[in-house]
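# Residue-level structure breakdown
The residues making up each chain are set out below.
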Amino acid sequence: MSDPADGLRLADSPVAQVPPPARHASRSAAVALIATFVLVVVAAGLTFVGLPYVVLSPGPATNVLGDVDGTPVLSVSGARTYPTSGALDFTTVAFDGGPGRTVTVYDLLEAWLRDDVDTAPESDYFPDDATADEVEAENAEMMTESQVVAAATALRALGRTVTTHVAVASVPAGGPASGTVQEGDVLVSVDGVEASDTASVRAAVQAREPGDEVTLVVRRDGDERTLTVRTGSAEDGTTVIGVLLRTDYDLPVDVTLNTGQVGGPSAGLMFSLAIYDALTPGALTGGQRIAGTGTIDDDGTVGPISGIRQKMVGARAAGARWFLAPADDCADAVGHVPDGMTLLRVTDFDDARVAVEGIAADTTDDLPRCG
């Protein structure tokens, strides 16, 4: 017969003796829980930590010949306009990063996984000390200037006279002209040389040595004044008077472009084509949907832009089968053209107009292409 104490010990043993593996499992679970917590904290932190990069992704395309929220994008008064059809799309890039915009590690990871998104160091696009307000103001100013130059380009192509003036955009404090020349002064001549454009002004100044005096005739508040400025030297050694210049235009018609919050100069080419279309009989596009990009200079030259890969994707999503690209951007675009789209190379306004007319007439075999 067994001892009652033995029965008690046998019954209690599973409870009284805790096996060592259970203690190890508990310790492992605690470590895993702490590691998970740390990962969650780090992941949450990465969501808010800004990195010095920008992310460029496809933005919307807008038909300059159409409406936005019931308001025409393009309005022209002071000249006869004609009905048209088709679309001339200016294209955009959705831009993240830079002053006032945060790019996180997750944004970069997503960008690296997508073929239609590019990344670049923030310093490629913005000065170190730029603020969000300054960037917005500069983009708005460039958009306004591009619209005026586009109108001048289209009017000149139609044989209209467009008068220009070289004006002082700003006078940096501490420069040679500070206290003598004022913002808004219109330059008439420099050392007797007519200020016909900004290039002629620079040439007249740089004909002098740093430290020489130059004579400026300016128009201020309707009166002409003669000013004397002692020149200085730029970092590269060229002679300067310490002013930033702009070109003002006396347009014979009033042109208004409703672009919403879009800024920058890269829609200049498409603006000029749309204005030209509005002022000429018939549809320049022949009813086709044509997109494009590029700045427009005073002489009609089409300049390069950023984000052409993203702009082509946005244009194709809007239904465009033809894309006008600045010649200097062709190298970036080749190999990334969306299916169903043809990329045409343009160097100036006349190239672009001929390309659009060729598309309208279905005579595109001889049009220059990228690549």
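Use the structure listed above.
Summarised in this report is the structure supplied together with it. Fair warning: this is a prediction, and the values are worked out from it, not measured in the lab. (Residues numbered from 1 in each chain as written. Predicted model: local features only at pLDDT ≥ 70, side-chain atom pairs only at ≥ 80, totals over all residues. Heavy atoms only, no water.)

### Overview of the overall build of the chain
Across its full length, the chain carries 9 helices and 20 strands. A total of 371 residues make up the chain; the buried ones form 36% of that total. Pairs at least 24 apart in sequence give 73% of the contacts found in the chain among residues at least 6 apart. Carbon together with sulfur atoms contributes 51% to the accessible area of the chain, which is approximately 19,900 Å² in total. (Helix = DSSP H or I, 4+ residues; strand = E, 2+ residues; numbered from the N terminus. Buried < 20%, exposed > 50% of the residue type's maximum accessible area, 1.4 Å probe, protein only. Contact = heavy atoms within 4.5 Å. Areas by Shrake-Rupley, 256 points an atom, 1.4 Å probe, with all protein chains shown as cover.)

### Brief notes about the state of the cysteines
With the rule as written, the count across this model stands at 1 disulfide. Sulfur-sulfur distance for the disulfide between Cys330 and Cys370 comes to 1.9 Å. Residues Cys330 and Cys370 share a disulfide whose torsion about the S-S bond is about -50°; that sign makes it left-handed. Placement of the pair is Cys330 in helix 8 (residues 330-333) and Cys370 in the segment after helix 9 (349-361), with a sequence separation of 40 residues. (Disulfide = S-S within 2.5 Å.)

### Points about unusual backbone geometry
One non-glycine residue, Asp69, lies in positive phi territory at about 55°. Take Asp69: it is sitting in the loop between strand 2 (67-68) and strand 3 (71-72). Despite not being glycine, Asp191 shows a phi value in the positive range, around 55°. Position of Asp191 among the secondary structure elements: in the loop between strand 8 (186-190) and strand 9 (193-194).

Keep in mind these values describe shape, not function.
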